[in-house]
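Read off the chains here:
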Amino acid sequence: MVREKQTELEQRARELLYERGVEIQDIAELVYYLQAKYFNDLTLDMCIYNVNRVLSKREVQHAVLTGVELDILAEKDQLSEPLLNIIKRDEGLYGIDEVVAYSIVNVYGSIVITSYGYIDKQKPGILKELNDLSTGKVNTFIDDIVGAIAAAAASRLAHSYAGDILDQ
Ligand code: MG
């Protein structure tokens, strides 16, 4: 696969995901989960390719940097109250984690929103792990970000199958 050189921003976004226990393959498996029923010949490699394309977008990198940073700061008790507790407890009425994720979803058109909502409810694979509160880790933002990247990659895949010319 030909990949253009990654910017520092992209490298940092990828590192942050990795440091928090999320690998590209984990996100690709979510894409596969979303799209396998629509395409007989879908492979994990095609899913990985589309995840990588989504991760090359600046809006996506910004969302990763912002959200994951807040998770890390909350985990280290380095935010002030009352935000610290809201993020640590992943409070149900706090919807800003989803707002950050929407900045990813917005990049790839409306079917992303359906996919994002669907895997957010089903929580397959890595999303289930990230939502395990017994680990003591704070994953309030990253779970939505990962779900949104997967949904965006699934949409990108569907559009490219339909023959759309994609610039990104
Ligand atoms: Mg969340």
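Parameters and conventions
- Residues numbered from 1 in each chain as written.
- Predicted model: local features only at pLDDT ≥ 70, side-chain atom pairs only at ≥ 80, totals over all residues.
- Helix = DSSP H or I, 4+ residues; strand = E, 2+ residues; numbered from the N terminus.
- Expected span 1.5 Å × (residues − 1).
- Contact = placed C-beta atoms within 7 Å.
- Core = buried A, V, L, I, M, F, W, Y, C linked by C-beta atoms within 7 Å.
- Buried ≥ 20, exposed ≤ 12 C-beta atoms within 10 Å, placed from the backbone.

Caption draft 1: Looking closely at helix 1 (residues 8–19). Taking 1.5 Å per residue, twelve residues should reach 16 Å; helix 1 reaches 16 Å between its end C-alpha atoms and fits that length. Buried residues belonging to helix 1 abut helix 3 (44–55) and helix 4 (58–75).

Caption draft 2: View of the nonpolar core. Counting residues in hydrophobic clusters, the biggest one holds 46 residues, and the most contacted among them are Val-31, Ile-145, Ile-149 and Ala-150. At the level of elements, helix 1, helix 2 (24–35), helix 3, helix 4, helix 6 (96–105), helix 7 (111–122), helix 8 (126–130) and helix 9 (142–161) are the ones that each hand at least two residues to this core. Top element by residues in this core is helix 9. It accounts for twelve residues. Beyond its immediate sequence surroundings of up to four residues, Ile-145 is in contact with Ala-63, Val-64, Gly-67, Val-100, Ala-101 and Ile-104.

Caption draft 3: Seen up close, the environment of Ala-153. Positionally, Ala-153 belongs in helix 9. Distance from Ala-153 to Asn-50, taken between C-alpha atoms, is 5.1 Å for residues 103 residues apart in sequence. Setting aside its immediate chain neighbours within four residues, Ala-153 contacts Val-31, Cys-47, Asn-50, Val-51 and Val-54.

Caption draft 4: Structural detail: the environment of Glu-8. Relative to the assigned elements, Glu-8 resides in helix 1. A C-alpha to C-alpha distance of 30 Å links Glu-8 and Thr-135, two positions 127 residues apart in sequence.

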